[in-house]
Amino acid sequence: MQKSTEEAVLSESTRGSKGKLYIESYGCQMNFSDSEIVASVLEKQGFSSTKSIEEADVVFLNTCSIREKAEQTVRHRLQQIQVFKKRKPEMLVGVLGCMAERLKSKFLEEEKIVDLVAGPDAYRNLPELIAQAESGQKAINTFLSREETYFDIDPVRLNSNGVTAFISIMRGCDNMCSFCVVPFTRGRERSRDPHSIVAEAQKLFDSGYREVTLLGQNVDSYKWSPEENNKARLEKTTSSSIVRFYDLLAMVAEVNPALRIRFSTSHPKDITDDVLHTMARYENICKYIHLPVQSGNNRILEMMNRGYTREWYLQKVSRIREILGEDCGLSSDMITGFCSETEEEHLQTLDLMEQVKFDFAYMFAYSERPGTPAEKKFTDDIDAETKKKRLGEIIALQNRHSQERNLHEVGKTFRVLIEGTSKRSADDLQGRNSANKVIVFPKMNYQPGQYVNVLVESSTGATLLGKIV
Ligand code: SAH
Ligand code: SF4
Ligand code: F3S
């Protein structure tokens, strides 16, 4: 029998517990962070989170569309989940996130085991959608909002180490890089009330967390004012001044000197000297910048609509090293085999890498995404083999640079925030330095959440090994 939403909510509060939620996240950190919002919305309704899919009443996959392979992974996972659903037919299967947004009702047609589809701006609506699905209807909400920032939702920390946490500071993206699906799956850019961000950071600090990473697709375009973001959303909002990203960085850094601040992702066209100077001013803002370049060739950058040139990018890197020092960590994203990319243009990417020497990079072969400007305007004409060959070359070069940059750290002492036990050995702890390098060292009597000074004695290539001094 079909229940109205109101009845569903009532019966649940009298019952106390609504069931168990299992949620799996794919894609970027923003998706993982969104899953914590989802868990919070449903815990308020009486659900509890579980790590076991077998005992779940509701199974959610929070999905990613960034490359075709990301979507294939989710399709395979749904096939596996079908086995659990056969054993327990009342189990509800929902698809959330970017793939849900991209495919909308097509998902319900294509994947028979899916009962519920919810886009990234529809998570407040999940209790109603679940009630609807429980009554036997297919439930869907893929409405994209211009305002939703979930500013007032206190995320439930899932799979937490109790030391580091993510805080979403904005949603969506207005950039329209031609290859990218994100503006279509996440909608327009909007910034979250800074007071709610500071309050979340303070609460994390008070409960023992020692590092927060501020998340957005383009953090440098963070901008908030009570007027623009209409309705003063928190009582405290009285100032009428605009809050920019560097103001926000300073506000969060002021929470406590023992709270480390990181942020991601910076955009080369938007990162300003103000941001760099703010980073320099606060010891607790980590000296590490993820600055995706995508390509080292101007014609390709133009086709990608990235809004900067190779020269502009190299100039930004110089500014970073001038203001924050040579030891500031720097990482990047690269795409190989973008539409019509020639061998010479590919070599220019390798050349730019040679000039910068990134500490780390995420590297991808171009994957055409339906509906993006690149899909509409250009031909995906670089064959798979060439993409793979070029990708292999940039990966090999990056590995060499990562090793070189790591070897350079041997003999230095760094302040490290301990995050947990090392994956290699229970007798070792691991943490990161300000520049985001992972360092492993013998445990002694130290605990996660403490700061220690570690002398780096050797490098395995990807990881630094040392001892507490
Ligand atoms: N907002 C971030 C990136 C988000 S997506 C930024 O602007 O840098 C993360 C990375 O995935 C991108 O930097 C890009 O390198 C890669 N990517 C995005 N779309 C892609 C596609 N269609 N094919 C291959 N890689 C892609
Ligand atoms: Fe995609 Fe570009 Fe926005 Fe990054 S900045 S999310 S690559 S459109
Ligand atoms: Fe993927 Fe969506 Fe993030 S497409 S990379 S989960 S914003």
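Residues numbered from 1 in each chain as written. Chains lettered and ligands numbered in written order. Predicted model: local features only at pLDDT ≥ 70, side-chain atom pairs only at ≥ 80, totals over all residues. Heavy atoms only, no water.

**Side note on the site of ligand 2**
Neighbouring ligand 2 are Cys173, Asn175, Met176, Cys177, Phe179, Cys180, Val182, Pro183, Gln217, His267 and Arg306. When grouped by side-chain class, the residues that make up the shell around ligand 2 number seven nonpolar, three polar and one charged. (Near = heavy atom within 4 Å. Nonpolar A, V, L, I, M, F, W, Y, C, P; charged D, E, K, R; others polar.)

**As for the site of ligand 3**
Residues in close proximity to ligand 3 include Cys28, Asn31, Cys64, Ser65, Ile66, Cys98, Val182, Arg186 and Gln217, which together make up its full environment. Residue classes in the shell around ligand 3 are distributed as five nonpolar, three polar and one charged. Mapped onto the domain boundaries, the shell around ligand 3 takes at least three residues apiece from domain 1 (3–141) and domain 2 (161–286). (Domains from an automatic or database assignment.)

**A closer look at the sheet that holds strand 14 (residues 288–290)**
The three strands lie next to each other as 14-15-16, forming an open sheet whose pairing is parallel. On the outer flanks of this sheet lie strand 14 and strand 16 (360–365), each paired with one strand and no other. Each adjacent strand pair in this sheet contributes to an overall mean axis angle of 10°, direction not counted. In this sheet, strand 15 (residues 329–336) lies alongside strand 14 in parallel orientation, the contact comprising three bridges. Counted as the bridge partner of His290 is Ser331 from strand 15. (Pairing = 2+ DSSP bridges. Helix = DSSP H or I, 4+ residues; strand = E, 2+ residues; numbered from the N terminus. Axes fitted to C-alpha atoms, helices over the stretch in contact; angles between N-to-C directions.)

**So, the nonpolar core**
Leu214, Phe245 and Ile289 are the most contacted members of the largest nonpolar core, which has 55 residues in total. Two domains share this core, each providing at least three of its residues, namely domain 2 (161–286) and domain 3 (295–304 + 321–408). If we ignore the near neighbours within four places in the chain, the residues touching Leu214 are Ile167, Ile169, Ile197, Val219, Phe245, Leu248, Leu249, Val252, Ile261, Arg262, Phe263 and Ser264. Of all hydrophobic cores here, the second largest spans 24 residues; its members include Val38, Phe60, Ala118 and Tyr123. (Core = buried A, V, L, I, M, F, W, Y, C linked by side-chain atoms within 4.5 Å. Buried < 20%, exposed > 50% of the residue type's maximum accessible area, 1.4 Å probe, protein only. Contact = heavy atoms within 4.5 Å.)

**Topic: the confidence of the model for the chain**
A residue-level look at the chain finds 94% of positions with pLDDT of 70 or above and a mean pLDDT of 93. Low confidence marks residues 1–16, where pLDDT is under 50. Its contacts with residues over four positions away, or in another chain, come to twelve contacts. For residues 231–235, every residue scores under 50 in pLDDT, and the model assigns this stretch eleven contacts once sequence neighbours within four places are set aside. (pLDDT = per-residue confidence, 0-100.)

**Here's the deal with the sheet that holds strand 21 (residues 464–468)**
Pairing within the closed barrel is mixed, and its five strands lie in the order 17-18-19-21-20. Pairwise comparison of adjacent strand axes, ignoring direction, gives a mean angle of 50° for this sheet.

**Some words on the pattern of salt bridges**
For the structure shown, the criterion picks out 43 salt bridges. Where Glu24 meets Arg77, a salt bridge forms, and the shortest distance between an N and an O atom there is 2.7 Å. Of the two residues, Glu24 is situated in strand 1 (residues 19–25) and Arg77 in helix 3 (residues 68–87); the sequence distance between them amounts to 53 residues. Take Glu24 and Arg77: they sit in the same class, and that class is buried. (Salt bridge = Lys/Arg side-chain N within 4 Å of Asp/Glu carboxyl O.)

**So, the packing of aromatic side chains**
Considering all chains together, one arrives at eight aromatic pairs under this definition. Seen from their ring centres, Tyr123 and Tyr150 are 6.0 Å apart, and the 15° between their planes marks the pair as stacked. In this pair, Tyr123 sits in the loop between strand 5 (116–118) and helix 6 (126–134) while Tyr150 sits in the loop between strand 6 (139–141) and strand 7 (164–168), placing the two residues 27 residues apart along the sequence. In this arrangement the basic side chain of Arg75 is found over the ring face of Phe107, its NZ or CZ atom lying 5.5 Å from the centre. (Phe/Tyr/Trp six-rings, centres within 6.5 Å; stacked < 30°, edge-to-face > 60°. Lys NZ or Arg CZ within 6 Å of the ring centre and 35° of its normal.)

**Focus: the domain arrangement of the chain**
Along its sequence, the chain is carved into domain 1 (3–141), domain 2 (161–286), domain 3 (295–304 + 321–408) and domain 4 (413–468). Facing 13 residues of domain 1, the contacting portion of domain 2 comprises 15 residues. Among the residues of domain 1 in contact with domain 2, Gln29, Met30 and Asp121 are the three that bury the most area, contributing 42% of the side total. Counting the contacts that link domain 1 with domain 2 gives four salt bridges. Here domain 1 is connected to domain 2 by six residue pairs in polar contact (both at pLDDT 80 or more). Residue assignment for the side of domain 1 that touches domain 2 shows that the elements contributing at least two residues are helix 2 (29–44) and helix 4 (97–103). Per-element tally for the side of domain 1 that touches domain 2: the top contributor is helix 2, with five residues. Tallied by class, residues from the side of domain 1 that touches domain 2 come to five nonpolar, four polar and four charged. (Buried area = accessible area lost by both parts, 1.4 Å probe. Polar contact = N/O pair within 3.5 Å; in protein donor to acceptor, adjacent residues only side chain to side chain.)

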